[in-house]
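Spelled out, the chains give:
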Amino acid sequence: MPKMDGQLALDFVLELLRRDKHIHNLSNYLDSRDRIFDGKYREVGKNAIVEAWTNLFLDGWIGPDPSQSSDSLTHGWLRLTSYGKSQLESIGEDYYPIFLDPGSTIQALKSTIPNIDIIALKYFEESLWAIKKHLYLSAIVTMGCASERSILLLIEATLDYYNDQELREQFNKSDKIKPKFELFKKTIEKRRLKRELAEIFRSDVIKSDDLKRQFIDFDNTLDQMFQIYRTNRNDAGHPSGIEFDQDITRAEAAMFRKYCRIIYNLISYLNEATSLREKAV
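Worth saying up front: this structure is predicted, and the values here are computed from it rather than measured.

Conventions used here
Residues numbered from 1 in each chain as written. Predicted model: local features only at pLDDT ≥ 70, side-chain atom pairs only at ≥ 80, totals over all residues. Heavy atoms only, no water. Helix = DSSP H or I, 4+ residues; strand = E, 2+ residues; numbered from the N terminus. Buried < 20%, exposed > 50% of the residue type's maximum accessible area, 1.4 Å probe, protein only. Contact = heavy atoms within 4.5 Å. Areas by Shrake-Rupley, 256 points an atom, 1.4 Å probe, with all protein chains shown as cover. Phe/Tyr/Trp six-rings, centres within 6.5 Å; stacked < 30°, edge-to-face > 60°. Lys NZ or Arg CZ within 6 Å of the ring centre and 35° of its normal.

### Things to note about the overall build of the protein
So, step 1. On a plain count of helices and strands, the protein comes out with 12 helices and 3 strands.
So, step 2. For the protein, the residues scored as buried account for 45% of the 281 residues in total.
So, step 3. Long-range pairs, those at least 24 residues apart, make up 69% of the contacts in the protein with a sequence separation of at least 6.
So, step 4. Accessible area of the protein: about 15,000 Å², with a carbon and sulfur share of 51%.

Here is the structure:
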């Protein structure tokens, strides 16, 4: 199966479910995939679509249609469940059922966030597979590791930008992520990093506008998500008996895409600003 075939197959099935809440015979849709939806799924293999369909069934999105014959499951009479309907309605820019196809999700992250760290990505991939196997404690821990790795890289990019040994020594005083992150927030506020970067990129309208959005997302989303990933990782990593259900774990996984976009976009701007400064010297 091609690397992105699984993701396209899932997209195809989700589009089918948006259009038809009851799927009478999947084989009919398989045979007509080169025509429906303007033919954009014509290259997707049948096996990939069947696998995506099976995953949705196993995850409770679809089930036998009780309004049809008693042998509806064997004859292909299926319907969107209430859970599936709620999930389908929730899909948007910041939410996608990425845990249904870990392999394609990781490939998509590599493609859309080229500078994403390979170690953080590996931990997140482990988390997605753990979710698929209903190992939620493991998923929470590995997602927290991916978060910490990414935040530390953002801090490192900021220290490289300032090139201040005294500041670096302040960060080195603690080996825990929470104090480092709190110092990071205080540092960028005190040194007005947002204003500095805005000045550096002010001649590029597209970058300037995007940078503003990144800092808005930093204030509104990243700080909260960091605390969630860190706290839940600590809770899951200690044998206290705490439990995490699939909704909490999947919600964290769904948000991780946006979380990474904010972090690694800011890293890109910091690296570019550092390079521009060095060239100017």
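### Considerations on the packing of aromatic side chains
So, step 1. Scanning the entire structure with this criterion turns up 13 aromatic pairs.
So, step 2. Relative to Tyr-41, the ring of Phe-12 lies with its centre 5.2 Å away and its plane at 65 degrees, an arrangement referred to as edge-to-face. With a gap of 29 residues between them, Phe-12 in helix α1 (residues 5–19) and Tyr-41 in the loop between α2 (26–31) and α3 (46–58) connect regions that are remote in the sequence. When sorted by exposure, Phe-12 lands in the same class as Tyr-41, which is buried.
So, step 3. Geometrically, the ring pair formed by Phe-201 and Tyr-269 is edge-to-face, given 5.3 Å between the ring centres and 70 degrees between the ring planes. A residue pair is termed long-range when its members are at least 10 positions apart, and Phe-201 in the loop between α10 (193–200) and α11 (205–237) and Tyr-269 in helix α12 (residues 246–280) qualify at 68 residues.
So, step 4. Taking the relative accessible area as the measure of exposure, Phe-201 reaches 3% and is therefore buried.
So, step 5. In this structure Tyr-269 comes out as buried when scored by relative accessible area, which is 8%.
So, step 6. Aromatic ring contacts, followed pair by pair, group Phe-124, Tyr-229, Phe-256 and Tyr-259 into a single cluster.
So, step 7. Over the face of the ring belonging to Tyr-162 we find Arg-191, whose NZ or CZ atom lies 4.8 Å from the ring centre.
So, step 8. A cation over an aromatic ring shows up here: Arg-277 above the ring of Tyr-161, its NZ or CZ 5.4 Å from the ring centre.

### A short note on the environment of Gln-224
So, step 1. Relative to the helices and strands, Gln-224 is located in helix α11.
So, step 2. Judged by relative accessible area, which is 51%, Gln-224 ranks as exposed.

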